[in-house]
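Observations on chain architecture
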Amino acid sequence: MTDAKNTSTIVFDRATKIYPGSDAPALDGLSIEVRAGELVCLVGPSGGGKTTALQLVNRLVDLTSGDIRIGDRSITDIPAIELRRTIGYAIQQSGLFPHMTVIDNIGIVPSVLGWEKTRVRDRAHELLELVGLTPVPEWADRYPSQLSGGQQQRVGIARALAADPPVMLMDEPFGALDPITRTTVQDEFLHVQRTVGKTTLFVTHDIDEAIKMGDRIAILKPGGLLAQFDTPEKLLTEPADDFVAEFLGQERGLKRLSLYTLSDLDDLASADATTGRAPWPALPADTTVRNALSLAAAHGAEGVRVLGEDGSPIAAAPLSRLVHLQSEESV
Amino acid sequence: MDAFPKAFPFMVDNVGLLLEKTGEHLWLSLVALVVSAVIAVPLGLWLGHVHKGEFLAVSITNIGRALPSLALIAILIGLVGIGFLNVLIALILLAFPPMLSYTFVAIDSVDRDLTRAARGMGLTPMQVLFRTEIPLGLPMIVSGIRTATVLVVSSATLATVAGGGGLGDIILNQVAYGMEGVVAAALWVAVLSILADQLIGLLGRLLSPRGVRHLTAQADAVPV
Amino acid sequence: MSGFAPSGDPIIPDYGEVSDCVTNNDFFCTDWFVQQWPSVFWPALLDHILMTVIAIVVGFAIAFTAALVAHRRKWLTAPFSMVTTFLYTLPPLALFQLLVPITGLSLLTVEIALVAFTLVLLFRGVLSGLLAVPDDVKRAARGMGLSSQQVLWRVEMPLAMPSIISGLRIATVLTVSIATIAAFVVDAGLGAPILKAISSPFNTQFIGAGALAVLLAFLLDGILALTGRALTPWTKASR
């Protein structure tokens, strides 16, 4: 796969958009830099301009002022249609072409770019495997109407990746899926994105999704202004202003804990160091700290035990460690 | 070509004749439409309400569309002889399919959630029909009547072939009335047809409850 | 009666003996029908097919172009719609007669009138098909970098196909039906044997020609339906 090498930065340079007929900007002077290979989530309430910001990148909407650069080239340097063929684009309803098979859907941009048929087909097969729709022959010739919502989204992602673009734009792609499917598809997409290493701009209104998916998160507030642009950890521990704090909600302390797993806690006591009457639940090491806390509360326990690879408890984490994360010595 | 300018003096000179023929034409059309409606519309309402008989409605529509009016009239000559009755039967048979199928579709396609809500509120089936389904389906029912009207007025021009009278008597008798007469009568029947179509359309819009009027714009005098 | 329908006895070639069926003017005499096939019915059928096909092809060409233009410039939809609906509302016979002074008793007159009838159905079929393409599909297509032409021909047109075929089917069936009236203008098509036999009603002649017209309509409808299904494989797919 050539994917890992082909990736660029996206730079917003005071990007502003004012729609005709309206005085207030939909996006007001956004200046952020997305690093190559990074997944940045754009979040915010409606009216914040996050979808506008996304659509400015592939010029579905044109800038009023400012610039956006992909790599070191401004998006206005080449014609819009050519530009779009170099950007992967996935939307909420997947927008799969109902009259084309899965294979044909995935191969649409490459074939429009003039790739030979065998190359297109091989690429489509490769991508179907990447998004987990295997065995490939079973899926290749199906029509979108024969797929579930989650499967359609996966094909949508494969389609966005097909021409090996340096950057990807995703517009609330998982919004229409039910919660269980959404979790599965999110996990798979994270895996895909890490594998291909493509710079991705991901719009969502769901702050939990942003925290889960994003390397960094840009929060936009009404009026199209940037409230804060930071890693999830930083956002949750140091919100820049009241708006961000409120947007993150009172659960942000807990949300932060979902960024860590039990395996992140070092220097734990041995598994028999339990206290209190209720037995401490034994959980796998990849359980998030937040879930561990939740389960401890559910059992009325004063901590949890961590399971080793062999399935037996190897350490104990009291509530204080779950809350503080670091051990007392390192504070 | 000079038939056209000459047609207007013809109209002036022969107003009485034209009106007489128009009267025959309209009477024939009206009777046919009313008889057909009396059978087709209630049948369509009932079938649509119970959501049965779609295949029947579709088949009848297809056959009705494929049946040439001329052939129908000709065949009826053999069965019924010539005259008013012959053409009347033919026109009733022609008007029946669109009235039935449009009415059926109109009632059948009313949102089931709405009818379910109505039944859930305690309305009897008849009340559901008259208070929910018919008002919502009215634009399409009117559309069916409109289609049938245009078809009947148009086909009534052929009545002359079986001695049924109407403006066809002039249109197909160049020998007696000259080209200018033919053109004059043809213009009259064209106007008649358009007026009938617009009139039904207007009636439909007036009868539709306000919330449903926007649907009238979509349902037209064109078979769907 | 009318000045157009020729009067006189039906032409029953008498090869020495005629079957009882014919003499009694029963409902349908197969033997007579078969006898007359090569000289009466077959040519009439061929003419009829020709008239229909020309009308549909020309009508479709005009309506399709008009629909594409109206798709681009929405404001044209209403005027096109009104004109084509107007043409559709005119009684066919009246339109024929209005054209005769201009284009004579010719095939051209017939075709102009037949084409005029198909227009509204075909225009609506194409346009409503194009309008029914889901917005998210169009947005994805644009966003991926397909040009407007590519979006139109690779995405919108195929998805509009079911509606287009539907319009074509209805228009074809109606044209076959109306083309019988062409016999008032030219001595061609299945309307001719019907007209000729009107004044001395000989059942087999009407019924034969009428039945042929109905069968032709169904045949053409069936062909179009099958073609439609072949062109739209995704509509058959089920989960």
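Residues numbered from 1 in each chain as written. Chains lettered and ligands numbered in written order. Predicted model: local features only at pLDDT ≥ 70, side-chain atom pairs only at ≥ 80, totals over all residues.

In terms of regular secondary structure, chain C is built from nine helices and zero strands. When the helices and strands of chain C are placed in sequence order, the string is α-α-α-α-α-α-α-α-α. Partitioning the intrachain contacts of chain C with sequence separation of at least 6 by distance along the chain shows that 76% fall at a separation of at least 24. (Helix = DSSP H or I, 4+ residues; strand = E, 2+ residues; numbered from the N terminus. Contact = placed C-beta atoms within 7 Å.)

This part is about the interface of chain C and chain A. Taken together, the contact between chain C and chain A spans 17 residues of the former and 18 residues of the latter. Sorting the residues of the side of chain C that touches chain A by element identifies helix H6 (135-143) and helix H7 (148-178) of chain C as the ones contributing at least two each. Class assignment of the residues belonging to the side of chain C that touches chain A gives a composition of nine nonpolar, four polar and four charged. (Nonpolar A, V, L, I, M, F, W, Y, C, P; charged D, E, K, R; others polar.)

As a further point, take the sheet that holds strand E10 (residues 216-221) of chain A. Strand pairing in a sheet relies on backbone hydrogen bonds. The paired strands run either parallel or antiparallel. Residues and elements named next belong to chain A. Pairing within the open sheet is mixed, and its six strands lie in the order E7-E8-E9-E4-E10-E11. Each edge of the open sheet carries a strand with a single partner, namely strand E7 (87-91) and strand E11 (225-230). With strand direction ignored, the average angle separating the axes of adjacent strands in the sheet is 15°. The sheet contact formed by E10 and E11 spans five bridges and is antiparallel. Counted as the bridge partner of Leu220 is Leu226 from E11. Across the sheet, helix H7 (residues 149-161) lies against E7 and strand E8 (167-171), angled at about 165° from E7, the strand it touches most. (Pairing = 2+ DSSP bridges. Axes fitted to C-alpha atoms, helices over the stretch in contact; angles between N-to-C directions.)

With that out of the way, let us pick up the interface of chain C and chain B. Counting residues at the interface gives 42 residues for chain C and 41 residues for chain B. The set of elements that each furnish at least two residues to the side of chain C that touches chain B consists of helix H3 (77-89), helix H4 (92-103), helix H5 (107-131), H7, helix H8 (191-196) and helix H9 (203-231) of chain C. Looking at which element gives the most residues to the side of chain C that touches chain B, the answer is H9(C), with nine residues. Classifying every residue of the side of chain C that touches chain B by side-chain character gives 31 nonpolar, 10 polar and one charged.

In this section: the environment of Gln93(A). Mapped onto the elements, Gln93(A) comes out in the loop between E7 and helix H3 (102-106). Measuring from C-alpha to C-alpha, the distance between Gln93(A) and Asp242(A) comes to 34 Å, with 149 residues separating the pair along the chain. Those residues in contact with Gln93(A), other than ones at most four positions away along the chain, are Ala176(A) and Asp136(C).

For the rest of this paragraph, the subject is the sheet that holds strand E13 (residues 303-307) of chain A. Residues and elements named next belong to chain A. The strand order across the open sheet built from three strands is E12-E13-E14, with neighbouring strands paired in mixed fashion. The strands lining the two open edges of the sheet, one partner per strand, are strand E12 (282-284) and strand E14 (313-318). When the angles between neighbouring strand axes are averaged without regard to direction, this sheet yields 35°. As defined by bridge partners, E13 adjoins E14 across five bridges and the pair is classed as antiparallel. The residue of E14 that forms the bridge with Gly303 is Pro318. Helix H13 (residues 289-299) rests against E12, E13 and E14 of the sheet, and its axis sits at about 125° to E13.

Let us look at the nonpolar core. In globular proteins that are soluble, nonpolar side chains generally tend to be buried together. Counting 218 residues, the largest nonpolar core has Ile73(B), Leu91(B), Ala95(B) and Ile194(C) as the members making the most contacts within it. Considering each element in turn, this core owes the most residues, 15 residues, to helix H5 (residues 84-108) of chain B. With 15 residues, the next largest nonpolar core counts Leu283(A), Ala301(A), Val306(A) and Leu322(A) among its residues. (Core = buried A, V, L, I, M, F, W, Y, C linked by C-beta atoms within 7 Å. Buried ≥ 20, exposed ≤ 12 C-beta atoms within 10 Å, placed from the backbone.)

The assembly contains two pairs of chains in contact; the pair sharing the most contacts is chains B and C. The least C-alpha distance between chain A and chain B, which are not in contact, is 23 Å.

Here we come to the pairing of E7(A). Residue and element names in this part refer to chain A. Extensive coverage of E7 is indicated by the burial of five of its five residues. The side-chain alternation of E7 yields two buried faces, one formed by Ile87, Tyr89 and Ile91 and the other by Gly88 and Ala90. Here five bridges tie E7 to E8, and the two strands are oriented parallel to one another. Paired with Gly88 across the strands is Met168, a residue of E8.

Note on helix geometry: an α-helix contains 3.6 residues per turn, so any two residues three or four positions apart are oriented the same way. Helix length check: H4(C), at 12 residues, gives a terminal C-alpha distance of 15 Å against a target of 16 Å (1.5 Å per residue), a fit within 8%. Counting buried residues along H4(C), nine of its 12 residues qualify, which places the element largely inside the surrounding structure. Turning to H4(C), its buried residues number three or more, namely Pro92(C), Leu93(C), Ala94(C), Leu95(C), Phe96(C), Gln97(C), Leu98(C), Leu99(C) and Val100(C). Tucked inside the fold, the buried residues of H4(C) contact helix H7 (125-155), helix H8 (168-171) and helix H9 (174-207) of chain B together with H5 and H7 of chain C. Positive phi shows up at Gly104(C), right after H4(C), with a value of about 75°. (Expected span 1.5 Å × (residues − 1).)

All names here are of chain B. It is at 9 Å that the axes of H7 and H9 come closest, and there the two elements cross at 165°. One way to sum up the angle between H7 and H9 is to call them roughly antiparallel. Pair H7 / H9 crosses with right-handed handedness. Within the contact between the two elements, H7 uses Leu138, Pro139, Val142, Ile145, Arg146, Thr149, Val150, Val153 and Ser154 and H9 uses Leu192, Ser193, Ala196, Asp197, Ile200, Gly201, Gly204 and Leu207. The residue makeup of the contact of H7 with H9, split by class, is 10 nonpolar, five polar and two charged. (Parallel < 35°, antiparallel > 145°, perpendicular 65-115°, else oblique. Left-handed = near helix turned anticlockwise from the far one by under 90°.)

Time to look at helix H2 (residues 15-50) of chain B. An ideal rise of 1.5 Å per residue puts 52 Å on 36 residues; H2(B) measures up with 50 Å between its terminal C-alpha atoms. Roughly 35° is the biggest bend found in H2(B), and it falls at Ala37(B). (Bend = angle between axes of the 7 residues up to and from the residue.)

Looking now at the confidence of the model for chain C. Residues and elements named next belong to chain C. Summary statistics for chain C give a mean pLDDT of 85 and a share of 87% for residues scoring 70 or more. Long-range and interchain partners of residues 1-10, a stretch whose pLDDT sits below 50, account for 27 contacts in this model, where long-range means more than four residues apart. Interface confidence in the predicted complex, given as ipTM, is 0.80; pTM for the same model is 0.81. (pLDDT = per-residue confidence, 0-100.)

Residues and elements named next belong to chain A. Here the residue pair Thr134 and Pro135 is connected by a cis peptide bond, since its omega of -5° sits within 30 degrees of zero. Relative to the helices and strands, Pro135 resides in the loop between helix H5 (117-130) and helix H6 (136-140). With a phi close to 60°, Arg59 is a non-glycine residue in the positive phi region. The residue Arg59 is located in the loop between helix H1 (50-57) and strand E5 (65-70) in this model. By C-beta crowding, Arg59 is classed as buried, having 20 other C-beta atoms within 10 Å.

What follows deals with the packing of H5(C) against H7(C). Residue and element names in this part refer to chain C. Two elements in contact, H5 and H7, have axes whose closest approach is 7 Å; the angle formed by their N-to-C orientations is 160°. Classified by the interaxial angle, the pair formed by H5 and H7 is roughly antiparallel. Our pair here, H5 against H7, has a crossing hand that is right-handed.

Structurally, Asn14(B) is set in the loop between helix H1 (3-13) and H2. When the C-alpha atoms of Asn14(B) and Ala184(B) are compared, they prove to be 9.8 Å apart, with 170 residues separating the residues in sequence.

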